[in-house]
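Take a look at the letters that make up each chain.
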Number of protein chains: 2
Amino acid sequence: MASESEAQRALQYEQTLMYGRYTQDLGTFAKDEAARLRLQEGDTARPRRPSELLEYTQGRCAPCRVCALQCQRFLISKVGEDWVFLILLGLVMALVSWAMDFAIATCLQAQKWMYGGLDTNVLLQYMAWVTYPTVLITFSAGFTQILAPQAVGSGIPEMKTILRGVVLKEYLTLKTFVAKVIGLTCALGSGMPLGKEGPFVHIASMCAALLSRFLSLFGGFYENEARNIEMLAAACAVGVGCCFAAPIGGVLFSIEVTSTFFAVRNYWRGFFAATFSAFIFRVLAVWNKDEETITALFKTRFRLDFPFDLQELPAFAVIGIASGFGGALFVYLNRKIVQFMRRQKTINRFLMKKRLLFPALVTLIISTLTFPPGFGQFMAGQLTQKDTLVTLFDNQTWAKQGISDEFEYLGILEAWLHPRSNVFVTLVVFILMKFWMSALATTIPVPCGAFMPVFVIGAAFGRLVGESMAAWFPDGIHTDSNIYRIVPGGYAVVGAAALSGAVTHTVSTAVIVFELTGQISHILPVMIAVILANAVAQSLQPSLYDSIIRIKKLPYLPELGWGHHEKYNVRVEDIMVRDIRYVTLNCRYRDLQQVLHSTKMKNLPLVESAESMILLGSIERTQVGALLSNQLSPQRRLLTLRQKVLSEDGHRLSDSSIRFQISTETSSGTPARPALRKPLKPALKRVSSSPADSPPAGSTDHTGIALKSLFCANATTEPTEAQGTAYHKVKRVRISIVEEMILGDKMTPAEILEWEEQQLDQPVDFSSAKIDPAPFQLVEHTSLHKTHTIFSLLGLDHAFVTSIGRLVGMVSLKELRKAIEGSLTGKGVKVRPPLASFRDSTASTTEADTTALHQLWDRHQHHHMPREAGPGGDDNDDTTKGQRDP
Amino acid sequence: MASESEAQRALQYEQTLMYGRYTQDLGTFAKDEAARLRLQEGDTARPRRPSELLEYTQGRCAPCRVCALQCQRFLISKVGEDWVFLILLGLVMALVSWAMDFAIATCLQAQKWMYGGLDTNVLLQYMAWVTYPTVLITFSAGFTQILAPQAVGSGIPEMKTILRGVVLKEYLTLKTFVAKVIGLTCALGSGMPLGKEGPFVHIASMCAALLSRFLSLFGGFYENEARNIEMLAAACAVGVGCCFAAPIGGVLFSIEVTSTFFAVRNYWRGFFAATFSAFIFRVLAVWNKDEETITALFKTRFRLDFPFDLQELPAFAVIGIASGFGGALFVYLNRKIVQFMRRQKTINRFLMKKRLLFPALVTLIISTLTFPPGFGQFMAGQLTQKDTLVTLFDNQTWAKQGISDEFEYLGILEAWLHPRSNVFVTLVVFILMKFWMSALATTIPVPCGAFMPVFVIGAAFGRLVGESMAAWFPDGIHTDSNIYRIVPGGYAVVGAAALSGAVTHTVSTAVIVFELTGQISHILPVMIAVILANAVAQSLQPSLYDSIIRIKKLPYLPELGWGHHEKYNVRVEDIMVRDIRYVTLNCRYRDLQQVLHSTKMKNLPLVESAESMILLGSIERTQVGALLSNQLSPQRRLLTLRQKVLSEDGHRLSDSSIRFQISTETSSGTPARPALRKPLKPALKRVSSSPADSPPAGSTDHTGIALKSLFCANATTEPTEAQGTAYHKVKRVRISIVEEMILGDKMTPAEILEWEEQQLDQPVDFSSAKIDPAPFQLVEHTSLHKTHTIFSLLGLDHAFVTSIGRLVGMVSLKELRKAIEGSLTGKGVKVRPPLASFRDSTASTTEADTTALHQLWDRHQHHHMPREAGPGGDDNDDTTKGQRDP
């Protein structure tokens with residue numbers, strides 16, 4: 001049951017965003033569903049009511065019971081409403097977020113306590129400082145590895161892929177949820193430079209998926225896949241929103257990192273859920289007496305009347321540009337570390353064998369370097385991430401006039417003070433060390449994000465620039481009446497937004513920063529820095545999430561660059577595959593076999609005939625395989641045998657009459673239609689469960705996938721493997737036929753082969769196959785820009801190119817990807833010079849089109865007359881005759 | 001020239017977002033364009049360089065010139081970049097916004113000065129107070145009316161329609177721009193309760209359109225219509241951004257009010273341009289010494305450490321819910337006023353005659369009521385909108401302990417004080433009076449928005465609640481150590497965001513409020529209130545912009561409601577039109593005439609034949625008209641006559657041979673192809689210019705449209721009028737044929753009629769018609785939800801419904817609109833109960849589908865054999881034979 005519902009869910013997600021796909025299978029599913037509901041109704045609700053009423057009318061509290069029942073029914077009817085779902089989601093996520101924060105704080109407290117308690121012996125202190133995070137990280141890695149390797153990493157790249165309509169196995173299950181929550185808590189509790197924001201997006205999505213599955217027990221509306229996708233989009237917003245208590249920034253950030261096109265109606269949903277979630281998250285803090293009232297997480301207290309001078313803007317711009325380069329470098333470094341680990345075969349093999357060695361090693365190195373009495377004293381090593389941010393956003397100027405000694409360090413600010421160096425050195429060391437540490441730490445196979453570490457580095461960089469400015473202009477730049485000193489904390493805010501914006505390629509980090517600090521006075525500096533950082537980073541490197549998508553080889557569609565005009569001049573005809581295999585309506589089973597042999601396309605076009613090439617629809621590869629295996633099935637063979645036995649005396653029966661009998665058997669022709677419904681079902685059922693059957697075969701050592709995907713380039717070819725299974729299945733079926741025949745059948749292998757050859761020569765009966773009657777069509781002249789828009793709008797992975805109904809080619813995600821990357825880098829695809837298409841191609845192509853139409857028209861002129869006169873005229877004619885002979 | 005480029009632009013917009021439409025016409029246009037560019041190149045750049053170089057090499061500053069030329073060329077190459085365009089747009093809009101603010105401030109200053117100078121005589125004071133705004137508003141209305149009636153009103157509804165891909169005539173021209181800027185300045189300078197935000201969206205869009213036309217003089221990239229739409233989306237963000245100096249809120253607000261689906265890449269563009277624009281806008285204020293540094297427009301100074309207590313949240317929620325009802329009431333009132341003015345025939349006729357009377361009358365009433373020594377003393381009548389907001393957001397509590405006398409009113413705050421009443425009365429009167437005044441004022445036919453008036457009313461309402469709370473809890477609610485008093489200014493901020501959010505159905509007013517006040521400390525109350533207000537308002541009324549769209553009868557697609565599950569269960573087959581007219585490939589001209597007579601569809605489906613019904617493409621109505629008129633053109637008749645004369649002796653020539661000759665004449669068959677290119681062009685040109693030609697004929701009294709659209713329901717049927725013109729044109733052509741014949745031809749009318757009847761019996765030659773070979777197709781089982789998504793994603797206005805290639809129906813915007821509004825209100829369309837489709841329809845429809853496929857398959861079984869044997873086999877066979885006989 002579980003695996004079957006899995007299969008159904010997988011099927012639903014697969015159809016997500018594939019607009020006009022009508023499948024008979026879905027119809028069957030719907031009927032099953034209706035039957036199930038009716039059964040349920042019959043089983044539970046309908047009979048329960050009278051019986052319960054009967055039972056309780058004798059009792060005293062009968063009215064109460066009736067009332068309760070009515071309330072229950074009312075609640076169940078409300079459960080289907082969107083807002084109920086969103087409130088529940090927000091509530092659950094706020095609780096999860098708060099509980100995790102609490103657990104993480106306790107973990108960090110424990111480490112501090114251990115470290116503080118052992119201050120008599122430095123060695124013991126070191127041991128405690130190093131062992132604690134190592135144990136936690138190793139546990140996290142191991143636990144995740146064993147329970148659900150899909151929980152590793154940020155989760156945003158995967159969510160981006162899922163929201164595009166791609167099915168990723170096991171990414172939204174309870175197992176992954178548990179693994180991610182526990183793994184993340186341990187990982188963050190270790191004090192490593194890791195973030196919780198990316199994983200929270202994943203956790204919220206899983207929460208939404210689980211919640212919708214749970215609520216579907218009460219009502220059938222949660223079964224709808226379009227709705228589920230919309231809820232997932234809202235869940236992403238909730239994830240960011242309740243992580244930072246930043247509802248607006250959360251919604252915008254989730255839109256920017258997960259979507260290419262965004263439905264404004266989801267925006268509303270996201271706001272609703274994220275606000276509720278952030279509200280509950282902060283109210284929990286108030287109830288827990290952590291705060292007096294609801295305020296921002298990292299509240300700042302910059303002056304409001306004169307936040308910054310106009311002449312400070314160049315300094316903010318410098319922060320932005322430098323952050324842009326820094327962000328690109330971070331993404332590059334992160335990718336290089338992963339690629340280096342993969343290339344080094346010997347290291348790799350060793351690490352693969354002992355999977356937990358790599359996390360332990362990295363943790364050991366990082367925690368050794370941050371050991372406060374050791375090197376950590378130069379980089380404020382004793383501060384947790386949260387404390388670091390609080391100190392960096394501090395209102396005071398640390399280095400008045402460049403002499404650090406003047407400054408009175410208070411409380412946790414002391415960490416930044418070193419007796420033998422000044423604040424600038426500490427900040428520079430902190431930035432440099434944290435930079436590579438964060439890039440390295442985020443490659444550890446535990447659930448972790450990179451947003452927070454990058455945010456901290458950015459804040460430190462901003463603080464550095466701010467302190468320098470404060471040292472340079474001790475009395476501020478403003479020369480009028482009042483003296484307004486420079487606020488280095490403001491620079492830290494700008495730096496944090498800029499660097500995190502550069503790494504993630506988002507502008508909404510600006511909004512997150514406002515919501516985190518509770519002040520919006522620096523809006524213009526922040527916006528300018530974030531935009532400059534984005535402009536620089538986007539021209540150098542992909543975003544961190546896109547980089548991970550490429551490393552993990554998830555299906556993706558690159559963004560169109562900014563202002564590259566070639567994209568308007570490259571057309572579909574330049575990039576499409578012209579030589580495609582197709583299935584004709586009048587083909588034989590042998591042709592199907594041929595097509596399956598010669599191509600690996602997941603969807604095959606169905607055309608009217610090889611001459612007309614009129615596109616009728618598309619048929620899935622698995623469907624073709626099913627048709628073939630059905631034709632060659634032992635059942636049919638046995639049937640034929642039995643028929644042969646029956647007509648033993650009269651074996652003059654011609655081949656064609658057998659074929660006739662068979663075709664009436666399997667096709668749903670006019671006679672005896674109700675009886676013929678039955679044999680269709682098992683065939684369809686087998687097909688519908690095939691997507692669930694095949695992947696387990698392809699991924700036998702399931703536990704290793706995540707590690708493999710980080711270390712070996714070849715391990716992540718799952719999607720292509722799945723393509724092959726359909727044909728292999730056909731082969732397997734054939735082999736099993738042979739085996740069975742040898743065991744119990746009376747036909748010799750030679751006879752079977754002969755029988756199969758016979759069967760292959762029969763014309764295909766498509767009546768039992770599910771055909772998508774309206775696959776997406778483009779025309780040759782559609783520009784690359786438009787094609788990209790349509791593919792990302794509708795989440796397509798392929799489209800057929802037609803010319804007046806005739807199939808002329810096909811464009812898949814692969815070609816489009818090649819074309820876009822080619823047009824941006826100048827290689828790969830023939831990029832035509834601007835206006836080239838105006839000069840030469842129009843003449844030739846319009847001619848070609850006209851000729852094609854003319855041929856079609858001519859053909860009709862020739863063909864139609866005899867057809868009308870001949871016996872082929874259908875009854876359909878009657879209904880439309882008025883049109884032609886008025 | 002102007003009208004021709006107009007026509008080309010109109011054509012471009014028309015094709016906007018219509019994905020796969022390939023038109024030969026576009027090809028021709030592209031070729032013309034290429035020729036023009038080549039010519040330009042030849043005319044200016046190419047020959048100028050050598051000649052200039054020759055000219056200046058003799059002179060002294062030859063290297064300078066060469067350098068300047070290279071710089072120029074570099075600049076021109078950069079002009080095509082997106083960011084250059086966006087910076088220019090931001091710069092221009094910031095200057096426009098600042099200059100307008102300056103002019104408005106001067107106007108208001110002048111009124112104040114006049115009012116102050118005449119304080120000796122109340123009557124004279126009253127005359128000055130009333131005359132000044134009346135003159136300004138009357139001038140604004142008259143000026144707009146004369147120059148460009150399209151400039152009337154907000155502009156956001158029109159931009160929403162334009163971004164959906166609909167062409168609105170004259171909405172983005174220089175004339176409208178001038179009319180809107182000057183009209184808006186005068187209207188706001190009058191001190192009426194009008195806003196500048198909606199018109200600014202329109203102004204920015206016009207600015208973008210004009211700028212892109214201007215820049216297209218330097219490079220050809222601005223001709224691309226997809227790019228223009230993207231730039232318009234960015235321009236909307238700039239409009240809001242530079243109006244409020246709110247870049248983030250501007251982007252979000254413009255997304256919410258103009259889009260259904262939003263491309264994240266435009267988001268980036270919007271942020272870039274809006275930030276730049278807001279920056280320049282505020283820098284201008286600093287340079288003008290209005291401000292010391294860059295700060296928010298309506299800066300608040302609420303305390304940061306304890307912005308509000310948790311127990312105040314219910315009060316904020318009350319503000320939100322009340323604002324929701326208030327917002328819905330405002331939209332309702334606004335609509336009712338417009339409808340009332342339209343219904344009252346006598347008033348209407350009188351007002352239509354004296355168009356400027358209505359604005360003058362309304363202004364008179366409103367300004368009389370706000371006259372400070374009169375009724376205005378009870379509603380702070382002397383304050384301008386800006387001053388009102390500043391006082392409402394004030395930090396102090398006006399009514400300490402409910403006794404207004406205790407409070408020391410300072411400066412402009414005095415306006416709220418009345419010796420014989422208290423603050424509460426003043427606020428209540430202000431809210432009530434301003435409410436209907438704003439609703440009335442926004443119906444005046446001048447360029448004006450409703451955002452700001454609503455914002456002020458919301459702030460006043462919030463203030464009222466805040467003051468009440470302050471009076472109720474004089475020492476705050478918080479009971480712990482510190483006393484935190486209630487801040488009524490914070491309530492005003494919440495109220496402003498909530499009411500404006502309710503009227504516009506947006507959440508981003510929250511962000512606008514943060515950016516306007518420069519404080520984000522009230523984020524949770526604001527978000528909660530805005531969301532509640534939206535929830536209430538959305539369930540009661542459409543947004544103000546959607547309401548205007550319906551009043552103006554612009555094409556629109558209603559939003560799907562929240563949580564209405566029926567939308568998943570209504571399917572295309574329930575709402576589609578089954579009885580549609582179509583054109584077959586083998587039809588005769590008479591059939592075309594028949595089809596044009598019998599339907600008003602803009603796009604006709606082209607099917608293979610009436611039996612197969614395989615959809616080959618769609619053909620525009622104008623194209624069909626052109627085909628017909630071409631067939632019956634006098635030129636062809638004269639040609640026939642001449643041929644008849646030539647073959648006078650041998651008039652035994654059969655009809656068919658004439659037809660043959662004619663068909664080779666007009667079709668572009670294989671022989672003599674290059675020569676046949678020519679006759680295609682004039683026909684296509686006429687068609688391409690027809691969208692520009694027809695509307696002037698439909699709208700003769702151009703100046704009256706905007707007023708009419710406000711007062712008469714029938715005047716705004718422009719879009720449907722345009723549909724009819726194509727056929728009327730055909731008729732006109734026929735009439736002109738008859739006339740010409742009478743004048744100079746030798747054929748009698750009877751002969752001509754006979755000839756025409758003959759011509760009508762000939763088969764249609766489609767080779768010269770432009771056919772969209774990939775019209776959008778849906779299948780019968782597509783859900784309403786999916787259909788809505790696809791229509792709004794792709795900006796479709798119709799889609800054909802197919803079943804395995806066969807045309808079975810059609811869905812247009814109208815049906816969809818009916819279905820959605822029906823499913824929401826429970827009337828209009830048959831709304832099936834949930835799961836009804838699971839129970840009954842699947843069985844019947846899958847059967848029908850299977851039968852259809854089977855028939856098709858059967859037909860092929862029967863037909864293909866003889867066709868293969870017969871002489872009809874094309875040469876195409878060779879290329880695909882490998883497929884069939886391996």
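Predicted model only: the values in this text are computed from it and were never measured. (Residues numbered from 1 in each chain as written. Chains lettered and ligands numbered in written order. Predicted model: local features only at pLDDT ≥ 70, side-chain atom pairs only at ≥ 80, totals over all residues. Heavy atoms only, no water.)

With respect to the overall build of chain A
Looking only at helices and strands, chain A features 35 helices and 8 strands. Buried positions account for 61% of the 886 residues belonging to chain A. Of the contacts made within chain A by residues no fewer than 6 positions apart, 76% connect residues no fewer than 24 positions apart. A total of about 35,600 Å² of accessible surface is found on chain A, and carbon and sulfur atoms cover 61% of it. (Helix = DSSP H or I, 4+ residues; strand = E, 2+ residues; numbered from the N terminus. Buried < 20%, exposed > 50% of the residue type's maximum accessible area, 1.4 Å probe, protein only. Contact = heavy atoms within 4.5 Å. Areas by Shrake-Rupley, 256 points an atom, 1.4 Å probe, with all protein chains shown as cover.)

A few points about helix α32 (residues 784-794) of chain A
All names here are of chain A. Counting buried positions along α32 yields 11 of 11 residues, so the element is predominantly enclosed. Of the positions making up α32, those classed as buried are Leu784, His785, Lys786, Thr787, His788, Thr789, Ile790, Phe791, Ser792, Leu793 and Leu794. Looking one or two places after α32, you find Gly795, whose phi comes out positive at around 60°.

Some words on the confidence of the model for chain A
Detailed conclusions should not be drawn from predicted coordinates in areas where pLDDT is low. All names here are of chain A. Scored by pLDDT, chain A comes out at a mean of 72, with 69% of its residues at no less than 70. Below pLDDT 50 for its whole length, residues 40-57 participates in 11 contacts with residues either more than four positions away or in separate chains. Scored below 50 in pLDDT, residues 737-743 shows 12 contacts in the model against residues more than four places distant or in partner chains. Scored by ipTM, the complex comes to 0.72, with pTM at 0.73. (pLDDT = per-residue confidence, 0-100.)

Side note on the sheet that holds strand β2 (residues 583-584) of chain B
Residue and element names in this part refer to chain B. Read from one edge to the other, the open sheet built from 4 strands follows the order β2-β3-β4-β5, with strand pairing classed as mixed. Since the sheet does not close on itself, it has two edges, and those belong to β2 and β5 (771-772), each with one partner. As paired strands, β2 and strand β3 (residues 603-607) are joined by 2 bridges and run parallel to one another. Looking at β3, one finds that Thr584 is bridged to Val607. Each of β3 and β4 (615-620) is contacted by helix α25 (residues 621-631), which is oriented at about 80° to β4, the strand it contacts most. (Pairing = 2+ DSSP bridges. Axes fitted to C-alpha atoms, helices over the stretch in contact; angles between N-to-C directions.)

Considerations on the pattern of salt bridges
Across all of its chains, the model carries 16 salt bridges over all chains by this definition. For Glu467 of chain A, the salt bridge is made with Arg463 of chain A, and the minimal N-O distance between the two is 3.0 Å. Linking Glu467 of chain A with Arg463 of chain A, this pair stays in helix α17 (residues 451-472), spanning 4 residues, or about one helical turn. Pair check on accessibility: Glu467 of chain A and Arg463 of chain A agree, each one buried. Where Asp101 of chain B meets Lys196 of chain B, a salt bridge forms, and the shortest distance between an N and an O atom there is 2.6 Å. Of this pair, Asp101 of chain B sits in helix α4 (residues 82-117) while Lys196 of chain B sits in the loop between α7 (174-189) and α8 (197-215), and the two are 95 residues apart along the sequence. Looking at Asp101 of chain B, the relative accessible area reads 26%, which means it is partly exposed. (Salt bridge = Lys/Arg side-chain N within 4 Å of Asp/Glu carboxyl O.)

What about the state of the cysteines?
Residue and element names in this part refer to chain A. For the coordinates displayed, the defined rule picks out 0 disulfides over all chains. Just so you know, Cys236 is unpaired, no disulfide at all, and the nearest cysteine sulfur is the one on Cys242, 12 Å from it. According to the relative accessible area criterion, Cys236 is buried, its value standing at 0%. (Disulfide = S-S within 2.5 Å.)

A few points about helix α15 (residues 385-392) of chain B
Of the positions making up α15 of chain B, those classed as buried are Asp387, Thr388, Leu389, Thr391 and Leu392 of chain B. At its buried positions, α15 of chain B is contacted by α4, α16 (423-441), α17 (451-472) and α18 (488-504) of chain B.

Points about the sheet that holds strand β6 (residues 777-778) of chain A
Strands in a sheet are paired, the pairing made by backbone hydrogen bonds, and the direction either parallel or antiparallel. Pairing is mixed in the open sheet, where 3 strands are placed in the order β6-β7-β8 (chain A). The outermost strands of the open sheet, each flanked by one partner alone, are β6 and β8 (806-812) of chain A.

Details of a nonpolar patch on the surface
All names here are of chain A. Together, Phe139, Leu174, Val178 and Ile182 make up an exposed nonpolar region whose accessible area comes to about 320 Å². Mapped onto the secondary structure, Ile182 falls in helix α7 (residues 174-189). A residue is classified by how much of its surface remains accessible, and Ile182, at 33% relative accessible area, is partly exposed. (Patch = residues over 30% accessible without salt bridge, like charges linked within 9 Å, V, L, I, M, F, W, Y side chains within 5 Å.)

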